[in-house]
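Geometric and topological summary
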Amino acid sequence: MAVLKINGEDKIFENAVPSTLKALLELLKVDEATVVAEVNGQIIPRNSFYNTILKDGHKIELIRFVGGG
Amino acid sequence: MNIQKAIYNDSGYSPERLETLLAADAQKHLEQMAQKARQITRQRFGNTIQLYAPIYVSNFCVNHCPYCAFNCKSKLPRTRLTIEQACKEADILASEGFRHILLVSGEDKKFINIPYLAELTQKLREKFSSISIEIYPLSKEEYEILFAAGIDGIAIYQETYDRTDYAKFHKTGPKSDYDWRLDTLSRAAQAGFRSLGLGFLIGLSDWRTQTLALTEHANMLMKKYWQAKVSFSFPRMRPAENVDKELFKHMISDTELVQMMLSLRLCFPDSEIVMSTRELSGFRDNMAKICVTRMSAGSKTNPGGYTVEEASLEQFEVADDRTPAQVSSMLKSNGLEAVWKDWDKAFIK
Amino acid sequence: MKDKLIIAGKEFSSRLFIGTGKYSSNKIMAQSIEASGTEMVTVALRRVDIQNPQDNMLAAIDRQKYLLLPNTSGARNADEAVRLARLARAATEINWLKLEVTPDPYYLLPDPIETLKAAEILVKEGFVVLPYINADPVLAKKLQDIGTATVMPLASPIGSNQGLKTKSAIEIIISQATVPVVVDAGIGMPSHAAEAMEMGADAVLVNTAIATANDPIKMAQAFKKAVQAGKEAFEAGSAGIKNQADASSPLTGFLRD
């Protein structure tokens, strides 16, 4: 069993966490093109999603644009 | 721009507004301008006039300005004050009540240099709340040294903003560098000077064009160096020894000078308007009632003039030779209070 | 000749900027934006809702037509604002930013100290910073000194629709400004927007008044016209109000002697 903290909440994975950020986004059905990602406080450029390795216990922030003034 | 709008619309400065106020046509409306100028001045500055006095520390000069009695070709005797002598002059001014003084000098760099000025300032800052300088242009680093010593104000006039005329009157010497002089107020502001005094020597070039150049200069300084206060002075060509009046074709009448001062007050409600003793007492008194905020009194424009009986060479003939007490009393009779001390260095020690 | 609004070297024909929050639907938001004639809209950054990951407001905004101006709303201090700014830049590769630091959740008033701190950092990192501030003339000058592209003083608190409560202070800011002044927050009616433009503001930013109107699209149109009218009135110049002159003896009588 493994866990990732995503947007402040623990998400538990049966076996292992998705191997890459790209894989995680696919799993969550989040469109890569619309999202900004931080892994352990580091901003990950979009073209690096595919080779950003995730490990048990990582903290992920997924952020996107919303309406605002 | 419509003249009524130019006078009454509190829109601040624009070249268009100024041109309207300076135009010959506007002279029909001088009384209206004066009333409005007085109202603005009273609102912003109250019923007070700040008094100051100059100390001339040297009439040696390496420049050759034909309009100035100190020019290097003049054969008349030169004086420069030692620090002790300058302090004696200052003592007299302090005893008369002055707390704001202006150190003036010809371009006498070898003697009236930064160490001299810094040392003199440090001796004077005990007695005076505000010390300004009116000398030759300095570098920013030099202004920083003087600022640290206790000088917080500067007055320096471009004489004329017209480059051709400037070259005509300043053919040789360090003063021939137009740009070095033009940029000096910016350097002083960068060094922290709180008070920036501008003006042009009225009589050298067409006064309307010069006033517009002056206001553009002031406007730039106000926007960029917003923590400093701009003041306007009106040095008008006056009789003096060795000065050739044939050379100066742009003298103006009293009416035109009043028009200039009123226009500046309307466009710059918060700037200081300064009147020195170059002007006659009657003129000064009347302008004090309208829009002037700072005046000198009892001035001696020759080094040692306050202490020594025998007059050394004066820069210009003082036209209002009343004592400070007389000037203060005149102001009082006009419902104005003379302010001797307005600022205190102790606040920022 | 009408002068163009230029911010950080970019020309704008419309002096109305629109916020994208508080709309009832993305569709109405998009239609309102269109009706307003704006060329730049603000957007915020928030965490993706993992339960509902498809919701993507950005798809409703045509990025060919409208510039995105990310804001740092939600930031309560300089560090948070800087973090949000960097995230926004990573997302869009735009380096324009509306800097908004609001520690107070009731009035959403901007923190002057944290805003100045964040602005200094972000300008150095190459952001085009448009800082949202209270109508504080000294703060506005300090921000201009460090290189922000505009200043954006509030008219009244965000969402309050109270109009130009800070009118005199904004007048001072406009008179001292060396960058465009965008009045932002609290503009509740088109007349407020016109008033701001008549005073000499360079642009206005409106969100709540349009998004929460009964007919946002119509309101957006009204704002468009109001901003144009206000700007034209400013350019036309009014006649001026004559003050009463003092009925004392003539001040310039001495010249005739």
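These figures come from a predicted structure and were not determined experimentally.

Criteria and thresholds
Residues numbered from 1 in each chain as written. Chains lettered and ligands numbered in written order. Predicted model: local features only at pLDDT ≥ 70, side-chain atom pairs only at ≥ 80, totals over all residues. Axes fitted to C-alpha atoms, helices over the stretch in contact; angles between N-to-C directions. Helix = DSSP H or I, 4+ residues; strand = E, 2+ residues; numbered from the N terminus. Parallel < 35°, antiparallel > 145°, perpendicular 65-115°, else oblique. Left-handed = near helix turned anticlockwise from the far one by under 90°. Contact = placed C-beta atoms within 7 Å. Nonpolar A, V, L, I, M, F, W, Y, C, P; charged D, E, K, R; others polar. Pairing = 2+ DSSP bridges. Core = buried A, V, L, I, M, F, W, Y, C linked by C-beta atoms within 7 Å. Buried ≥ 20, exposed ≤ 12 C-beta atoms within 10 Å, placed from the backbone. Right-handed = clockwise from strand over helix to strand, strands pointing away.

**Some remarks on the packing of helix α3 (residues 30–45) of chain B against helix α11 (residues 254–267) of chain B**
Residues and elements named next belong to chain B.
- Closest axis-to-axis distance for the α3/α11 pair is 9 Å, and the angle between their directions is 45 degrees. As summarised for this structure, α3 and α11 are arranged oblique, according to the angle between their axes. Both α3 and α11 take part in a crossing whose hand is left-handed. For the pair α3 and α11, the contacting residues are Leu30, Met33, Ala34, Lys36, Ala37, Ile40 and Thr41 in the first and Val258, Gln259, Leu262, Arg265 and Leu266 in the second.
- Among the residues forming the contact of α3 with α11, the class breakdown is eight nonpolar, two polar and two charged.

**A short note on the sheet that holds strand β8 (residues 152–153) of chain C**
All names here are of chain C.
- With parallel pairing, three strands are arranged side by side in an open sheet as β6-β7-β8. The open sheet has two free edges, formed respectively by β6 (96–99) and β8, since each of these has just one partner strand.
- Alignment of β6 against strand β7 (residues 128–133), held across four bridges, turns out to be parallel. Residue pairing across strands places Leu99 opposite Pro131, the latter belonging to β7.
- Contacting β6 and β7, helix α3 (residues 112–124) runs over the sheet at an angle of about 175 degrees to β7.

**Some words on the interface of chain C and chain A**
- Taken together, the contacts link 28 residues of chain C with 20 residues of chain A.
- Counting only elements with at least two residues in the side of chain C that touches chain A, the list comes to β4 (40–47) and α2 (78–92) of chain C.
- It is β4(C) that provides the largest number of residues to the side of chain C that touches chain A, a total of six residues.
- Split by residue class, the side of chain C that touches chain A holds 15 nonpolar, nine polar and four charged.
- Judged from the five bridges that link them, strand β5 (residues 59–67) of chain A and β4(C) form a sheet pairing that is antiparallel.

**Notes on the arrangement of the chains**
- The structure contains two pairs of chains in contact, of which chains A and C account for the largest number of contacts.
- One finds no contact between chain A and chain B; the C-alpha atoms of the two approach each other to within 30 Å at their closest.

**Some thoughts on the nonpolar core**
- Within the largest apolar cluster, 95 residues are counted, with the highest numbers of intra-cluster contacts made by Ile55(B), Ile101(B), Leu103(B), Leu196(B) and Met261(B).
- Counting 92 residues, the second largest nonpolar core, distinct from the first, contains Leu4(A), Val36(A), Ile61(C) and Met219(C).

**Details of the pairing of β4(C)**
All names here are of chain C.
- Taken across its eight residues, β4 has six buried, putting it largely inside the fold.
- Pairing of strand β3 (residues 16–19) with β4 involves two bridges; the strand directions are parallel. Note that in β4 the partner of Gly19 across the bridge is Thr42.
- For the crossover from β3 across helix α1 (residues 26–36) to β4, the handedness is right-handed.

**Details of the interface of chain B and chain C**
- Taken residue by residue, the interface counts 22 residues in chain B and 16 residues in chain C.
- Secondary-structure elements contributing two or more residues to the side of chain B that touches chain C are α1 (3–8), α3, α11 and α12 (281–288) of chain B.
- The leading source of residues in the side of chain B that touches chain C is α3(B), at eight residues.

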